[in-house]
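Reading the structure
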Amino acid sequence: MKAPTMICFLMAVTAAMMVFMGQVPAATAVTCNYMELVPCAGAISSSQAPSGACCGKVREQRPCLCGYLRNPSLRQFVSPAAAQKIASQCGVSIPQC
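First things first, this report covers the structure right here in the doc. Because the structure is a prediction, the values reported are computed rather than measured. Residue numbering note: each chain is counted from 1, following its sequence as written. For a predicted model such as this one, the threshold for reporting local features is a pLDDT of at least 70, and the threshold for listing and counting side-chain atom pairs is 80 or more; totals across whole chains, interfaces and linings nevertheless cover every residue. Side-chain measures were taken over the full set of non-hydrogen atoms in the model, leaving aside hydrogen atoms and water.

**Notes on the overall build of the protein chain**
Here a strand is any run of E in DSSP of at least two residues, a helix any run of H or I of at least four, and the numbering for each starts at the N terminus. Looking only at helices and strands, the protein chain features 5 helices and 0 strands. Written out in order from the N terminus, the α and β elements of the protein chain read α-α-α-α-α. Partly exposed residues are those whose accessible area sits between 20% and 50% of the maximum for their type, while under 20% is buried and over 50% is exposed, using a 1.4 Å probe and protein chains only. Out of the 97 residues in the protein chain, the part that is buried amounts to 33%. Residue contacts are counted whenever heavy atoms from the two residues lie within 4.5 Å of one another. For the protein chain, the share of sequence-separated contacts (at least 6 apart) that also reach a separation of at least 24 residues comes to 64%. Of the accessible surface of the protein chain, which amounts to about 5,700 Å², a share of 60% is contributed by carbon and sulfur atoms. For the accessible areas, the method is Shrake-Rupley and the probe is 1.4 Å, while residue cover comes only from the protein chains on display.

**A short note on the state of the cysteines**
The criterion for a disulfide is a pair of cysteine sulfur atoms lying within 2.5 Å. Throughout the structure, instances matching the rule amount to 4 disulfides. Note on cysteine connectivity: C55 is disulfide-linked to C90, with sulfurs 2.1 Å apart. Residues C55 and C90 are joined by a disulfide whose S-S torsion is about -75°; by sign, that bridge is left-handed. One end of the pair, C55, is in helix α3 (residues 52–60); the other, C90, is in the segment after α5 (80–89), and 35 residues separate them in sequence. A residue is classified by how much of its surface remains accessible, and C55, at 8% relative accessible area, is buried.

**Here's the deal with the pattern of salt bridges**
Basic side-chain nitrogens of Lys or Arg form a salt bridge, by our definition, when they fall within 4 Å of a carboxyl oxygen of Asp or Glu. Taken as a whole, this structure holds 2 salt bridges when the rule is applied. Of the charged contacts, one joins K57 and E36 as a salt bridge, the two residues approaching to 2.5 Å between their closest N and O atoms. Taken together, the residues span a long stretch of sequence, with K57 in helix α3 and E36 in the loop between α1 (3–22) and α2 (41–45) at a distance of 21 residues. The partly exposed category is assigned to E36, whose relative accessible area is 23%. Linking K57 and E60 is a salt bridge whose minimum nitrogen-to-oxygen distance equals 3.7 Å. Taken as a pair, K57 and E60 lie in helix α3 at a separation of 3 residues, close to a single helical turn. Looking at K57, the relative accessible area reads 23%, which means it is partly exposed. On the basis of relative accessible area, E60 is assigned to the partly exposed category, the value being 36%. Connected via shared salt-bridge partners are E36, K57 and E60.

**Re the environment of M35**
Following the sequence through the fold, M35 ends up in the loop between α1 and α2. Separated by 22 residues in the primary sequence, M35 and K57 place their C-alpha atoms 9.9 Å from one another.

**Some thoughts on the side chain of Q61**
Locating Q61 in the fold gives a position in the loop between α3 and α4 (65–70). Judged by its relative accessible area of 0%, Q61 is buried. Reaching out from Q61, the side chain makes a polar contact with the backbone oxygen of T31 at a distance of 3.2 Å. When near neighbours in sequence (up to four residues on either side) are disregarded, Q61 contacts V30, T31, C32, N33, E36, L37 and Y68. We define a polar contact as two N or O atoms separated by no more than 3.5 Å, with the added condition that, inside protein, one atom must be a possible hydrogen donor and the other a possible acceptor, whereas residues neighbouring each other in sequence contribute only through side-chain atom pairs.

So yeah, pure geometry; function would need other evidence.
What follows is the structure in structure tokens.
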């Protein structure tokens, strides 16, 4: 990946993760921390399959998923369809929101 493209990509992922964290209240046992989803960056931005680390974080962050999906600012970085695809590939069901 060329340097300017990589910088833009990292900025977009960071912004998306900041949006994740800023709009979601923490669940009782889980802290909704956007930095926890960084292992999913490749799966979010391409057709790459999610890594084991990504799937582990998606499972861990499951209580936060409805808040992430409800956040309109997030849709410019991750579509609900892409989020559903990653969750499905990880064997994680998205809660009924």
